[in-house]
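# Per-entry structural report
One letter stands for each residue in the lines below.
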Amino acid sequence: MQLDLAQITHQMLDGVNYGNYINGEFRAAANGKVFDVTNPATGDLLLSVPDAGASDTLAAVDAAYAALPAWMATPAATRADLLRKAAALMLERRERLATIMTLEQGKPMTESRGEIAYAASFLTWFAGEAERIYGDIVHNSAPNKRIFVLRQAVGVVALITPWNFPAAMLTRKLGPALAAGCTAICKPAEQTPLTALELGRIFQEVGFPAGVVNILAASDPLPFSDTIFADDRVRKVSFTGSTEVGKILIRNSAATVKRMSLELGGNAPFIVFDDADLSAAVTGAIASKFRNAGQTCVCANRIFVQRGIYDQFADLFAAKTSAMKVGNGLLPDTIIGPLIDLPAREKIERHVSDAKAHGADIMLGGLPYPENPSGTFWTPTVIRNASSDMLVAQEETFGPVAPLIPFDTEDEVLAQANGTPFGLASYFYTRDVSRVMRVAEKLEFGIIGANDALPSVAQAPFGGVKQSGLGREGGAVGIDEYLEVKYLSLGL
Ligand code: NAP
């Protein structure tokens with residue numbers, strides 16, 4: 001099917017003039033600066049957006065702080081109603097939002113459409129949770145006193161998000177923050193601000209009061225970050241991104257003792273035991289490994305396969321992988337889009353050559369994709385006889401590269417799976433129910449998919465252990481990240 005890709009870009013972005021969304025209006029940067037957003041599939045310029053600096057960030061903090069008392073006092077049912085309206089408008093505009101996401105991020109349209117629905121589901125879910133913020137009345141050991149436990153909004157929060165899920169990472173934070181009664185200042189990643197600013201329009205259109213949601217695009221995160229961390233009025237920072245930056249932010253938070261939620265990097269093991277349903281395991285491994293061209297924090301990064309089915313698994317996995325179509329995410333048959341940028345490709349090249357140098361076999365791919373206008377396409381790669389000491393298993397590859405590591409025993413694979421400083425997602429396939437419980441209890445990861453390669457939903461408490469983060473997003477506990485617990489002791 002032939003599509004006029006340039007025409008699609010014009011249709012989406014011609015005449016669009018995004019500003020930073022501050023205090024209910026879209027504004028140019030105070031210093032007039034802009035920066036370019038480009039399409040990772042072509043390298044073409046999509047649009048220039050205002051480049052927020054320290055004074056824009058301060059204006060957003062002022063707006064969020066001014067809006068806070070009224071928003072906290074707004075009935076939960078009204079906050080919930082606005083969240084549901086925003087979710088409904090996102091779904092109504094799903095095609096436009098998905099197209100803009102594919103243009104700036106590269107992922108295939110089917111994934112972008114899926115992400116918009118997933119992103120909207122956080123607003124709907126937390127609309128429900130807004131109406132279920134309970135307190136407690138507790139007996140006191142003194143008979144003439146009672147304790148009332150109150151849960152109230154933390155206050156102004158700053159939300160920093162990465163490029164790989166431009167909509168869902170934002171709503172997974174904004175949903176609970178707004179539901180709890182917090183006001184927010186958001187900073188999307190430099191590569192993908194357009195989806196976030198489109199969401200700003202939606203929050204504006206459905207009637208969130210001025211200052212409740214603020215969204216700032218910036219080419220340099222530091223003026224934003226330095227401003228929010230120095231400001232006592234910002235009571236919490238929620239960050240999704242790399243562990244390296246997360247550690248910097250933990251240090252920054254000390255100055256004004258801010259609450260922190262951190263969703264950081266992973267190094268997910270995907271374990272296939274001899275007794276697994278082979279076809280389901282291959283399908284699951286492919287879905288987990290290659291979503292968003294392997295650029296997700298929960299991607300299978302190390303695929304462990306028990307020796308008895310290793311050859312069968314490898315052949316089937318490689319055959320299915322070779323059939324995946326690489327191309328521009330706007331084309332309907334594309335399964336693997338581009339990498340976000342050239343440094344991402346350099347990391348993959350480093351990992352693949354390290355694996356080769358250490359004796360692994362490249363079954364498939366191992367090279368940049370030949371039809372490669374922007375240099376960012378990588379041929380889906382399967383590496384046979386990989387091992388846990390190779391770079392590809394030590395670090396997040398963040399690309400369409402699948403190392404298949406053989407193992408013999410359950411104990412051996414658990415030691416290897418847990419032998420990482422990261423603890424976000426993990427997966428295993430088996431038909432043995434006892435093993436399901438045994439292995440789940442021993443895996444040191446916040447998310448475990450047993451015979452399930454795509455476990456993320458708004459109702460589940462997403463998050464990592466060890467160096468993969470602090471706190472949970474989603475689920476019934478997700479709103480707690482945005483609530484302070486206070487108590488009142490009442491003398492009778
Ligand atoms: P990143 O470099 O850490 O950037 C994430 C965000 O932080 C961006 O908005 C970035 O702004 C900003 N940032 C960078 N340096 C900063 C600093 N010194 N102070 C304040 N903000 C700063 O991560 P990424 O490369 O965009 O995303 C990939 C990483 O995110 C991977 O490790 C992945 O595993 C992780 N991730 C985790 C989850 C999860 O839920 N656990 C979900 C998705 C992704 P700029 O864009 O302007 O640099």
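Conventions and cut-offs
Residues numbered from 1 in each chain as written. Predicted model: local features only at pLDDT ≥ 70, side-chain atom pairs only at ≥ 80, totals over all residues. Heavy atoms only, no water. Helix = DSSP H or I, 4+ residues; strand = E, 2+ residues; numbered from the N terminus. Rg over C-alpha atoms; globule rule 2.2 N^0.38 Å. Buried < 20%, exposed > 50% of the residue type's maximum accessible area, 1.4 Å probe, protein only. Contact = heavy atoms within 4.5 Å. Areas by Shrake-Rupley, 256 points an atom, 1.4 Å probe, with all protein chains shown as cover. Pairing = 2+ DSSP bridges. Axes fitted to C-alpha atoms, helices over the stretch in contact; angles between N-to-C directions. Domains from an automatic or database assignment. Salt bridge = Lys/Arg side-chain N within 4 Å of Asp/Glu carboxyl O. Polar contact = N/O pair within 3.5 Å; in protein donor to acceptor, adjacent residues only side chain to side chain. Expected span 1.5 Å × (residues − 1). Phe/Tyr/Trp six-rings, centres within 6.5 Å; stacked < 30°, edge-to-face > 60°. Right-handed = clockwise from strand over helix to strand, strands pointing away. Near = heavy atom within 4 Å. Nonpolar A, V, L, I, M, F, W, Y, C, P; charged D, E, K, R; others polar. Patch = residues over 30% accessible without salt bridge, like charges linked within 9 Å, V, L, I, M, F, W, Y side chains within 5 Å.

### Some details on the overall build of the chain
On a plain count of helices and strands, the chain comes out with 15 helices and 22 strands. Expected size for 492 residues packed as a compact globule is a radius of gyration near 23 Å; at 23 Å, the chain falls within 12% of this value. With the C-alpha coordinates aligned to their principal axes, the bounding extent of the chain is approximately 70 × 65 × 40 Å. Taken across its 492 residues, the chain has 56% of its residues classed as buried. A sequence separation of at least 24 residues applies to 74% of the contacts in the chain between residues at least 6 apart. In the structure as shown, the chain presents an accessible area of about 18,800 Å², 55% of it carried by carbon and sulfur atoms.

### Some remarks on the sheet that holds strand β13 (residues 300–306)
Taken together, the seven strands give an open sheet; going across it, the order is β14-β15-β16-β13-β12-β18-β19, and neighbouring strands pair in mixed fashion. The two strands at the open ends of the sheet, each matched to only one other strand, are β14 (361–364) and β19 (447–450). Strand-to-strand twist in this sheet, taken as the mean axis angle between neighbours without regard to direction, amounts to 25 degrees. Across four bridges, strand β18 (residues 425–429) lies against β19 in parallel orientation. What sits directly across from Phe-428, in β19, is Ala-450. Helix-sheet contacts for helix α10 (residues 278–290) involve β12 (268–272), β13, β15 (381–384), β16 (401–407) and β18, and the interaxial angle to β12 is about 170 degrees.

### A closer look at the domain arrangement of the chain
The domain architecture assigned to the chain consists of domain 1 (5–264 + 469–489) and domain 2 (268–457). The gap between the C-alpha centroids of domain 1 and domain 2 is 31 Å. Taken together, the contacts link 25 residues of domain 1 with 28 residues of domain 2. Where domain 1 packs against domain 2, one counts zero salt bridges. Summed over the shared surface of domain 1 and domain 2, the result is eight residue pairs in polar contact (both at pLDDT 80 or more). Counting residues per element, the ones that place at least two in the side of domain 1 that touches domain 2 are α1 (5–13), α4 (94–105) and α5 (109–130). The biggest single contributor to the side of domain 1 that touches domain 2 is α4, with five residues.

### So, helix α7 (residues 193–206)
A rise of 1.5 Å per residue sets the reference length of α7, with its 14 residues, at 20 Å; its end C-alpha atoms lie 20 Å apart and thus fit the reference within 8%. Listing the buried residues of α7 in full gives Pro-193, Leu-194, Thr-195, Ala-196, Leu-197, Glu-198, Leu-199, Gly-200, Ile-202, Phe-203 and Val-206. A positive phi of about 105 degrees marks Gly-207, the residue just after α7.

### Quick look at the packing of aromatic side chains
With the rule as written, the count across this model stands at 11 aromatic pairs. Consider the rings of Trp-71 and Phe-208, whose centres lie 5.6 Å apart with planes at 50 degrees: the pair is tilted. Of this pair, Trp-71 sits in helix α2 (residues 54–73) while Phe-208 sits in the loop between α7 and β9 (213–215); the two residues are 137 residues apart in sequence, bridging distant segments of the chain. Each member of the pair, Trp-71 together with Phe-208, is buried.

### A look at the pairing of β13
Of all the seven residues making up β13, seven are buried; the element is thus mostly covered by neighbouring parts of the structure. Examined bridge by bridge, β12 and β13 share five bridges and lie parallel to one another. In the strand pairing of β13, Val-272 is matched with Val-305. You can see the chain leave β12, run along α10 and come back into β13, and the turn it takes is right-handed. The pairing of β13 with β16 spans four bridges and is classified as parallel. Looking at the pairing, Val-305 lines up with Pro-406 of β16.

### What to know about the sheet that holds strand β6 (residues 145–153)
Hydrogen bonds between backbone atoms are what pair the strands of a sheet, whose relative direction is either parallel or antiparallel. Strand order across the open sheet formed by three strands is β5-β6-β22, with antiparallel pairing between neighbours. Of all strands in the sheet, those with a lone pairing partner are β5 (136–139) and β22 (483–491), marking the two edges. The mean angle between the axes of side-by-side strands here comes to 25 degrees, regardless of whether they run parallel or antiparallel. With four bridges connecting them, β5 and β6 associate as antiparallel partners. Pairing of Val-138 across the sheet is with Ile-147, part of β6.

### Considerations on unusual backbone geometry
With a phi angle near 55 degrees, Ala-293 is a residue other than glycine that sits in the positive phi range. Tracing the backbone through its elements, the reader meets Ala-293 in the loop between α10 and β13. Looking at Ala-293, the relative accessible area reads 1%, which means it is buried. Phi angles above zero are rare outside glycine, and Lys-466 is one such case at about 50 degrees.

### Let's talk about the site of the ligand
Around the ligand, the structure places 31 residues, and the nearest of them are Thr-161, Glu-190, Ser-242, Leu-264 and Glu-396. In this structure, Ser-225 approaches the ligand through a side-chain N or O atom, which is 3.4 Å from a nitrogen atom. In this structure, an oxygen atom belonging to the ligand sits 3.3 Å away from a main-chain N or O atom of Gly-241. Summarising the interface, the protein chains cover 88% of the accessible area of the ligand, which totals 900 Å² for the free molecule. Put simply, the parts of the chain that give the shell around the ligand at least two residues each are α6 (168–180), α8 (221–230), β10 (234–240) and α9 (243–253). Residue contributions to the shell around the ligand peak at three residues, all from α8. Here the shell around the ligand is built from residues that sort into 17 nonpolar, nine polar and five charged.

### Focus: a nonpolar patch on the surface
On the surface, Leu-150, Leu-488, Leu-490 and Leu-492 cluster together into a nonpolar patch covering about 350 Å² of accessible area. Mapped onto the elements, Leu-150 comes out in strand β6. Judged by its relative accessible area of 35%, Leu-150 is partly exposed.

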